[in-house]
Amino acid sequence: MSTGGPAADDFEAVFGSPPDAVAAAPGRVNLLGEHTDYNDGYVLPIAIPQQTTVALRATAGADQHRVTLHARNFARTVAFSLEDAPPPDAFARYVYGCLREASLAGTTVPSLQVHVHSQVPMGVGLSSSAALEVATLRALRTLTHAPWDDVRIAQLAQRAEVEHAGVHCGIMDQMASSLAASTHALWLDTRTLERRRVPLPAGSEILVLHSGVERTLAGSGYNARRAECARAARLLGVASLRDLAPSGAAQRLPDPLRRRVGHVLTENARVLQALEADAPHFGALMNASHASLRVDYEVSHPQVDRLVALLQAHPAVYGARMTGGGFGGACVALCQTGTATDVAAQVLPGYLRDSRMPGRMLVPWGGVAV
Ligand code: GLA
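Okay, so let's go over this structure. (Residues numbered from 1 in each chain as written. Predicted model: local features only at pLDDT ≥ 70, side-chain atom pairs only at ≥ 80, totals over all residues. Heavy atoms only, no water.)

**As for the site of the ligand**
- Taken together, the residues surrounding the ligand are Arg28, Glu34, His35, Asp37, Tyr38, Cys169, Gly170, Met172, Asp173, Tyr222 and Gly325.
- The side chain of Asp37 places a nitrogen or oxygen atom 2.5 Å from an oxygen atom of the ligand.
- Asp173 places a side-chain nitrogen or oxygen 2.6 Å from an oxygen atom of the ligand.
- For the ligand, whose accessible area on its own is 310 Å², the fraction buried by protein is 93%.
- Considering only residue class, the shell around the ligand consists of four nonpolar, three polar and four charged. (Near = heavy atom within 4 Å. Polar contact = N/O pair within 3.5 Å; in protein donor to acceptor, adjacent residues only side chain to side chain. Areas by Shrake-Rupley, 256 points an atom, 1.4 Å probe, with all protein chains shown as cover. Nonpolar A, V, L, I, M, F, W, Y, C, P; charged D, E, K, R; others polar.)

So, in structure tokens, the structure goes:
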């Protein structure tokens, strides 16, 4: 066995020799700024401690672009060529997309053996796909010495998702996975990519709970919201909703476009207010964000609303909301320092009773309390 750590050992167990490059990237939880990134707005994600690790090795041989990919989470190996259409397995498409985009960007991608292991919870709104994309591109950067900085990696990763996985996403998740830490939130202006690290409010820590609800409509509902925003911007004569002053312009729009625009404008304002907010104010902004996502943007889910309401009612919780694209999945709460695990233990049984859904704790976050 090689001595390159568990990922290298796993790779060697599957492929028989050690990898040439190993890289990891985290998932993220978005604290505020939901459905704003594809409107050129502001977001405030933070990396979660769980990471996805990708190990790869260039294989000899004349045929370029052959990939053998093993996903440890699914105990599954698939093979594909970058010359062909994308492979059917979702996890393989992300890797395929990254390698294709790298190749289009001028990097010579050799034939590869690839091993993937994700600790990031999948399909709940914590960006397991961005973590896989960024880890793949980081490993490829190490292997090929491609001259990419972390922003470039995020941009290639986003293109991989849009072009090859069919989700017309913004750039928040890939920027968060590539540039955020789990000790500070990352404030990002998604138009200019100006960014800065923002500490969590003093006396707070983060808790992430899964509602147990599979994200239905996650792809189609997401793309539909994005199309509605583009239509509203066209009707209002602006390049993107970011360019609207929070005046009454949107009132002229028909429903539901008026409410969609209302969410985006108020959500951008909440992100900016959060930069200066203490914990109670930050929590109130999260609560307002959830209400806006539920009523005006209509991307929440009744069970998620129930879990969020239980969290919001807990005395040690400053605020809570759905997180990520929506239509099910995870919730995030800002809790008093040192209480996150207890809050989860106290809230989840009531949630199970009410909803019959087995919610569970994904990220208790003592580590970032300040
Ligand atoms: C998904 C997308 C992001 C962002 C969020 C909603 O996570 O990948 O680009 O739009 O939804 O805020």
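**Points about the nonpolar core**
- Core analysis: the biggest nonpolar cluster contains 40 residues, and Leu207, Leu209, Leu241, Val261, Leu307, Leu311 and Val343 have the highest contact counts within it.
- Leave out the neighbours within four places in its chain, and Val261 touches Ala232, Leu241, Leu244, Ala250 and Leu253.
- Judged by nonpolar contacts, the second largest core, of 36 residues, contains Ala92, Ala139, Ala146 and Leu156. (Core = buried A, V, L, I, M, F, W, Y, C linked by side-chain atoms within 4.5 Å. Buried < 20%, exposed > 50% of the residue type's maximum accessible area, 1.4 Å probe, protein only. Contact = heavy atoms within 4.5 Å.)

**Examining the pattern of salt bridges**
- All told, the structure shown has 18 salt bridges when counted by the stated rule.
- Among the ionic pairs, Asp173 bridges to Arg28, the shortest N-O distance being 2.9 Å. One end of the pair, Asp173, is in helix α5 (residues 172–179); the other, Arg28, is in strand β1 (residues 21–32), and 145 residues separate them in sequence. By the burial criterion, Asp173 is buried, and Arg28 matches it.
- A single salt-bridge network, built from bridges that share partners, covers Arg225, Glu228, Asp255, Arg259, Arg260 and Glu298. (Salt bridge = Lys/Arg side-chain N within 4 Å of Asp/Glu carboxyl O. Helix = DSSP H or I, 4+ residues; strand = E, 2+ residues; numbered from the N terminus.)

**With respect to helix α9 (residues 302–313)**
- Compared with an ideal rise of 1.5 Å per residue, which puts twelve residues at 16 Å, α9 spans 17 Å between its outermost C-alpha atoms and is within 8% of the ideal.
- Inspection of α9 places Val304, Leu307, Val308 and Leu311 among the buried residues, and these make up the whole buried set. Down the axis of α9, the smallest arc covering the buried residues is 100°, so these residues share one side. Relative to its buried face, α9 has exposed residues pointing more than 90 degrees away, namely Pro302 and Ala313.
- Looking at the buried positions of α9, the neighbouring elements they touch are β8 (204–210), α8 (279–295), β9 (317–322), β10 (330–336) and α10 (340–355). (Expected span 1.5 Å × (residues − 1). Arc of directions from axis to C-beta.)

**With respect to the pairing of β10**
- Burial within β10 is extensive, with six of its seven residues counted as buried.
- Pairing of β8 with β10, which is carried by seven bridges, proceeds in the antiparallel orientation. Within β10, the position partnered with Ile206 by the bridge is Leu334.
- Where β9 lies against β10, five bridges are found, and the strand directions are antiparallel. Along β10, the bridge assignment pairs Met322 with Cys331. (Pairing = 2+ DSSP bridges.)

**Notes on unusual backbone geometry**
- In this structure, Pro256 follows Asp255 across a cis peptide bond, with omega equal to 10°.
- Relative to the helices and strands, Pro256 is located in the loop between α6 (218–236) and α7 (257–274).
- Despite not being glycine, Ser127 has its phi angle at roughly 65°, a positive value.
- By the element assignment, Ser127 lies in the loop between β5 (112–118) and α3 (128–144).
- By relative accessible area, which is 7% here, Ser127 ends up buried.
- Residue His145 is not a glycine yet carries a positive backbone phi of 60°.
- Looking at the secondary structure, you find His145 in the loop between α3 and α4 (150–164).
- Overall, the relative accessible area of 68% leaves His145 in the exposed class.

**Structural notes on the packing of helix α2 (residues 90–104) against α3**
- Closest axis-to-axis distance for the α2/α3 pair is 9 Å, and the angle between their directions is 40°. With respect to their mutual orientation, α2 and α3 come out oblique. Note on packing geometry: the crossing formed by α2 with α3 is right-handed. Together, Phe91, Tyr94, Val95, Cys98, Leu99 and Ala102 of α2 and Ser129, Leu132, Glu133, Thr136, Leu137 and Leu140 of α3 make up the contact between the two elements. (Axes fitted to C-alpha atoms, helices over the stretch in contact; angles between N-to-C directions. Parallel < 35°, antiparallel > 145°, perpendicular 65-115°, else oblique. Left-handed = near helix turned anticlockwise from the far one by under 90°.)

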